[in-house]
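Commentary on secondary and tertiary structure
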Amino acid sequence: MNRLQKAALAVRELGLEKVALFGLYRLGYLTGHWRRLNPPTPWPTIDPRAVDPQPIFRVPAQAELSALLSPAELQALRDEASLILSGQMRFFSAEPRPLNLCPSGTEHHWTQVRDDDPYADIKFIWEPARFTWVFTLARAYQLTADVVYPQAFWQYFHQFIQANPLNMGPNWASGQEVALRLIALVFAWQVFAQPETSTPADRAALLSVVAAHARRIPPTLLYARAQNNNHLISEAAGLYIAGVFLKGYPSAPRWQRLGWRWLNHAWQTQISPDGAYIQHSANYHRLMLQVSLATFSAAQTAGDALPAASLTRLQSAADWVASLMEPSNGALPNLGHNDGSLFLPLASALYADYRPTLQAASIALTRRRALPPGTWDELAAWLLLPPAKAAPTADLPAHPCRLNGADSWAVLRAVRFTDRPAHADQLHVDLWYRGQNVACDAGTYRYTAPPPWDHPLARTLAHNTLTLHNRDQMLRAGRFLWLDWAQAAVQSPSTPASLTAAHNGYAALGIQHKRALALQQAGDWLVTDRVTALRPSADPCPACLHWLLPDLPWSFEAGQLTMQLPSAVLRLNIKAFSEQDQPLELSFQVIRAGQLLLGSGECPPFLGWVSPTYDTRQPAISLRAFLITPPNFTLVSHWIFTQS
């Protein structure tokens, strides 16, 4: 497919408005328009007497926070805050790195900054400059009243404004990054801008910097509108919160109106009626909810009530999280792009734990608890009225593609895309046993890195599904762009113990892939893949079935992988059959951390890995089953769990 054909397909699938808005954004670069609207200037000055900063967040008292944390959790918080005091932070909630707020390139206007270098990932510059470490310092200060924490904030704050001149360098290149940093600075005002922890000069500088951040966002809001994803919701939230916070500032009413308008547009167009988020990503879904919760807190201050249409979509989005959550630990399938975002780390919970966000969203949007009281209530305590006023626990909603057993559950991914897919992952199956993710989604690892790590985990062959003719289900047209979308549909009838779905990603090859997921009475699972010819053909159809499993002791014999789980023995048996139900011969590979341990043939180096957060990868076990035969044929994966 040539560039002109791809462009036509992009217009058809993305819509003319989005393509046109993106074209205008690029034109602004070429003509220097964005530089004229955001010129390099000294930091503005604000007379603090002319502004009446409004409280946006709720700051809980020491006793309230102490009641939520165990001694071990309190010590962990102190350790994390001490890490920040030492000049480090955990990038993407993983390994510590230097908390560097002084990037190179600040002698250039932000329009001269490039973020498409395949060997340089700008996310490593942006991560410390999001100021999410502010929330950890604030939690530690509220619990201990130790002045070292506000002192550290003010030190880092002044370091940032000295090292990042207004509109110069990489930390001004993204309106979303500016908006997220703005919200963190508004939060910092409430905790650290008290007379006993700041000077008048500190407070005047912080107000001026918040205003400068808000001023950066509107000129390039059309890029966020072109994306209509987390960029728009973050930038609109930043404008709205700045407008509410900076009461009395001349531009504040306009920012508040503009932010509120595009927030409601985003909520009503980005969240589908069933609650799924437009980016097809569990992590971006959480980012959207957390940004929305910060906005909800500001709306309480401003007296703005969410329109019914927005409230309904947000309630559905909270239900979506509950419907896919592992109840024992709050984890969700590692669906879609996972860039390590945890915008509001205001709870003693692991990065993969969605319970703080779910609980806060439930209380805010429905006045009901999704979960019993627990440590995960802390996020709600920072944002909302005391959670004790919420009604008793509500029943968790059901997901239409999830089946539940006594000790296990599974979900079959079957989506009809209305906006850009994140991964080519139709009919992927996630399987969980006693709280452990047994059939895993590999995640993302990196967007930008030298091959083979140039975002390969988005491909079909990295997911727990079937790849035919070694082709992805969709056409990859860019780092974040798939075209010729594969569409899937659940087929009737479904039961509480079985469901079937099919997708059309191989229709151009004259082939349909259909998958059935079934829970057996004994508690084991059957995944049945049927490949059907849509037109007569005797041509061989190369097929590869992939399953990604934890890095645990295993053995393999006669088409069966045996793995020792912490609480059971797993036996995964894979067989293939012809249209006449005759057995077909399969060949197998077992790959760990990109190394071929069993079998022969090509071994993609990105298989046998799982990425729990950005820039982090851990060994896993990839089991691949190969078959070359004309359609029609069937593959059956039988998952058997036996108590050890």
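You'll find the structure just up there.
Residues numbered from 1 in each chain as written. Predicted model: local features only at pLDDT ≥ 70, side-chain atom pairs only at ≥ 80, totals over all residues. Heavy atoms only, no water.

**As for the sheet that holds strand β16 (residues 541-549)**
Our working definition: Here, a strand pair is defined by DSSP locating no fewer than two bridges between the strands. Put simply, DSSP H or I for four residues or longer makes a helix, DSSP E for two residues or longer makes a strand, and each gets a number counted from the N terminus. A fitted line through C-alpha atoms serves as each axis, taken over the contacting stretch for helices, and the angle formed by two N-to-C directions is quoted from 0 to 180°.
The strand order across the open sheet built from 5 strands is β9-β16-β25-β21-β22, with neighbouring strands paired in antiparallel fashion. Every interior strand has two partners, whereas the edge strands, β9 (466-468) and β22 (595-598), have only one. Each neighbouring strand pair of the sheet contributes to a mean axis angle of 30 degrees, computed without reference to strand direction. Where β16 lies against strand β25 (residues 621-629), 9 bridges are found, and the strand directions are antiparallel. Considered in β25, the bridge of Pro542 is made with Ile628.

**Overview of the side chain of Asp419**
Rule in force here: Contacts are residue-level and defined by heavy atoms, with any inter-residue pair within 4.5 Å sufficient.
Structurally, Asp419 is set in the loop between β6 (408-412) and β7 (429-433). When neighbours within four sequence positions are excluded, Asp419 is seen to be in contact with Lys18, Ile278, His280 and Trp485.

**Describing unusual backbone geometry**
Stated formally: With a 1.4 Å probe rolled over the protein chains alone, any residue whose accessible area is under 20% of its type maximum counts as buried; one over 50% counts as exposed, and the rest are partly exposed.
Residue Pro451 is joined to Pro452 through a cis peptide bond whose omega torsion reads 10 degrees. Looking at where Pro452 falls in the secondary structure, it is placed in the loop between β8 (436-439) and β9. A cis amide bond links Pro631 with the next residue in sequence, Asn632, at an omega value of 25 degrees. Mapped onto the fold, Asn632 is located in the loop between β25 and β26 (633-643). Of note, Asn228 is a non-glycine position whose phi angle comes to about 45 degrees, a positive value. With a relative accessible area of 8%, Asn228 lands in the buried category. With phi around 60 degrees, Arg367 is a residue other than glycine that occupies positive phi space. Tracing the sequence through the fold places Arg367 in the loop between α16 (355-366) and α17 (378-383). On the basis of relative accessibility, which here comes to 34%, the residue Arg367 falls in the partly exposed class.

**Some details on the packing of aromatic side chains**
In plain terms, the rule: Stacked, tilted and edge-to-face are the three classes applied to pairs of Phe, Tyr and Trp rings, where Trp contributes its six-membered ring and a pair requires centres within 6.5 Å; stacked means planes under 30 degrees apart, edge-to-face means over 60, and tilted covers the rest. Note on geometry: a ring has a charge over it if NZ (lysine) or CZ (arginine) is within 6 Å of the ring centre and within 35 degrees of the ring normal.
Counted by the stated rule, this structure contains 35 aromatic pairs. Look at Tyr25 and Tyr223: their rings are 4.6 Å apart centre to centre, the planes differ by 40 degrees, and that puts the pair in the tilted class. Residue Tyr25 is found in helix α2 (residues 16-31), and its partner Tyr223 is found in helix α11 (residues 221-227); the two are separated by 198 residues along the sequence. By relative accessible area, which is 6% here, Tyr25 ends up buried. Both rings, one in Phe153 and one in Phe192, keep their centres 5.3 Å apart while their planes meet at 25 degrees; by these two values the pair is stacked. One end of the pair, Phe153, is in helix α8 (residues 148-163); the other, Phe192, is in helix α9 (residues 175-192), with 39 residues separating them in the sequence. On the basis of relative accessibility, which here comes to 0%, the residue Phe192 falls in the buried class. Taken together, the ring pairs in this structure connect Phe22, Tyr25, Tyr29, Trp34, Trp110 and Tyr223 into an aromatic cluster. Above the ring of Trp172, the side-chain terminus of Arg181 is found at 5.5 Å from the ring centroid. Seen from the ring of Tyr351, Arg286 lies directly overhead, with NZ or CZ sitting 4.9 Å from the centre.

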